[in-house]
Amino acid sequence: MIPPSLSIQVKSCEAPARPPWRKQLQAGWRSPQALLKHLSIEPQTIDWMDDSPFPMRVPQAFSQRMRSGDARDPLLRQVLPVRLEADTLDGFSADPVGDLASRNERGLLHKYRGRVLLITTGACAIHCRYCFRRDFPYASEHTSPSHWAPAIDYIAEHDDISEVILSGGDPWMLSTQRLQALSDRLSRIPHIRRLRIHTRMPITLPDRINSSLMSWLQSLPWQTVVVVHANHANEFDHHVERALDQLRRAGAQVFNQAVLLAGVNDDIDSLTQLMERSFAAGAIPYYLHLLDRVQGSAHFEVGEPRALELMQAMRERLSGYLVPRLVREQSGAAYKLPVF
Ligand SMILES: *Cc1c(COP(=O)(O)O)cnc(C)c1O
Ligand code: SF4
């Protein structure tokens, strides 16, 4: 028998186990004031607000990467509700990319040829203030597997669809069991060749990438692509690196898309560091999106001339494969429009 004192010593050498991802989700920050206090930022120094209809939501795994005492931290800026969001500006609307108009079945977007985007859930682990889905009518979107039936029928009837994109919200907010139920149904459709997952959870709550999710990913009968979303180099830490590494080991191709955001990454150093860091962690830079002009996000907008200048500077500094494609989503267009 090990004497109690010894067994305590042995235990203390191990890293303390982190709670399961759902527990971490529940324990996330919901009060701007509490988050600011935790970061030792004087609430008076920042124009936060408490009563947004799109409430704050930040996992601690993400806030741990914010700098203490820095009211201009690029991660904090992405998630802290501020009064500027209440401004209404011309040209900013609730549905800037025409998603509401292009839904042909409940929760299915078929805007581009060959691929469809399935809104699997409205939930996200984090609430990004610039999000173009902040005004999306999630309550009426798919919430249970039986609701996917019309979307799955639609995919089955269109044999020109070779790629299904699971999106949301964040599809990895669903339990692995629900994902399995969905992929089982999709696997009966012979013309599907690829499954793509658009998720921010490997960045915002990396413990979601657990062994059951990995078994699911490995069991899929298609080539799999995971597109994560990080906007700043500081969003990567060793937990994120581990999560991305696991995705790649499970056979997924991993890409990163970012949004060009004023005060977050609209300078050449931030962008080059983001692309380098993302690639080092195993995620190849994919798109750099111009902001979708969703109401409440005007303070994040970077003008096109400045965006083009930044692209030019990236080309001068980065290996070709690290330079993302600058795109703008336009309602009614057949693809995400490249910006030259
Ligand atoms: C972004 C998007 C896609 C994927 O476009 P890619 O250019 O293939 O990355 C597909 N469908 C919809 C509705 C989209 O918004
Ligand atoms: S994780 Fe993606 S979908 Fe969710 S709030 Fe952020 S940007 Fe929007």
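About the thresholds
Residues numbered from 1 in each chain as written. Chains lettered and ligands numbered in written order. Predicted model: local features only at pLDDT ≥ 70, side-chain atom pairs only at ≥ 80, totals over all residues. Heavy atoms only, no water. Near = heavy atom within 4 Å. Polar contact = N/O pair within 3.5 Å; in protein donor to acceptor, adjacent residues only side chain to side chain. Areas by Shrake-Rupley, 256 points an atom, 1.4 Å probe, with all protein chains shown as cover. Helix = DSSP H or I, 4+ residues; strand = E, 2+ residues; numbered from the N terminus. Nonpolar A, V, L, I, M, F, W, Y, C, P; charged D, E, K, R; others polar. Buried < 20%, exposed > 50% of the residue type's maximum accessible area, 1.4 Å probe, protein only. Arc of directions from axis to C-beta. Axes fitted to C-alpha atoms, helices over the stretch in contact; angles between N-to-C directions. Parallel < 35°, antiparallel > 145°, perpendicular 65-115°, else oblique. Contact = heavy atoms within 4.5 Å. Phe/Tyr/Trp six-rings, centres within 6.5 Å; stacked < 30°, edge-to-face > 60°.

So, about the site of ligand 1. Near ligand 1 you find L109, K111, Y112, R115, L117, I165, R196, Y286, Y287, E329 and K336, and these make up its full shell. Residue Y287 places a side-chain N or O atom 2.6 Å away from an oxygen atom belonging to ligand 1. Between K336 and ligand 1, the recorded distance is 3.0 Å, taken from a side-chain N or O atom to an oxygen atom. In the complex, the protein chains occlude 93% of the 390 Å² of accessible area that ligand 1 would expose alone. Mapped by element, the contributors of at least two residues to the shell around ligand 1 are strand 2 (108–112), strand 3 (115–119) and strand 8 (284–289). Among the elements that make up the shell around ligand 1, the one with the highest residue count is strand 2 (three residues). Per-class residue counts for the shell around ligand 1 are six nonpolar, no polar and five charged.

Let us look at the site of ligand 2. Around ligand 2, the neighbouring residues are C124, I126, C128, C131, R200 and H229. In terms of residue class, the shell around ligand 2 is built from four nonpolar, one polar and one charged.

Moving on, we get to helix 7 (residues 176–186). What sets the pattern is the α-helix's 3.6 residues per turn: residues three or four places apart point alike. Among the residues making up helix 7, those that are buried are T176, L179, L182, S183 and L186. In an axial view of helix 7, the angular spread of the buried residues amounts to 120 degrees, which keeps them on one side of the axis.

Before going further, it helps to spend a moment on the packing of helix 7 against helix 9 (residues 211–219). Contact geometry for helix 7 and helix 9: axes closest at 10 Å, N-to-C directions at 10 degrees. Judged by the angle between their axes, helix 7 and helix 9 are roughly parallel. Residues T176, L179, Q180 and S183 of helix 7 form the contact with helix 9, whose participating residues are S212, L213, W216 and S219. Considered class by class, the residues forming the contact of helix 7 with helix 9 number three nonpolar, five polar and no charged.

Another aspect to go through is the environment of G28. As for its placement among the helices and strands, G28 is situated in the loop between helix 2 (21–26) and helix 3 (32–38). By relative accessible area, which is 13% here, G28 ends up buried. Distance in space between the C-alpha atoms of G28 and I126 is 8.8 Å, their sequence separation being 98 residues.

Further remarks concern the packing of aromatic side chains. Inspection of every chain in the model, using the stated rule, returns four aromatic pairs. Look at Y130 and F300: their rings are 5.8 Å apart centre to centre, the planes differ by 85 degrees, and that puts the pair in the edge-to-face class. In this pair, Y130 is assigned in the loop between strand 3 and helix 6 (149–157) and F300 in the loop between strand 8 and helix 12 (304–317), connecting sequence segments 170 residues apart. Judged by relative accessible area, Y130 falls into the buried class, the value being 4%. Relative accessible area serves as the criterion here: at 1%, F300 is assigned to the buried category. Ring plane angle 25 degrees and centroid distance 4.1 Å describe the contact between Y286 and Y287, whose orientation is recorded as stacked.

By themselves, these are just geometric observations and shouldn't be taken as functional.
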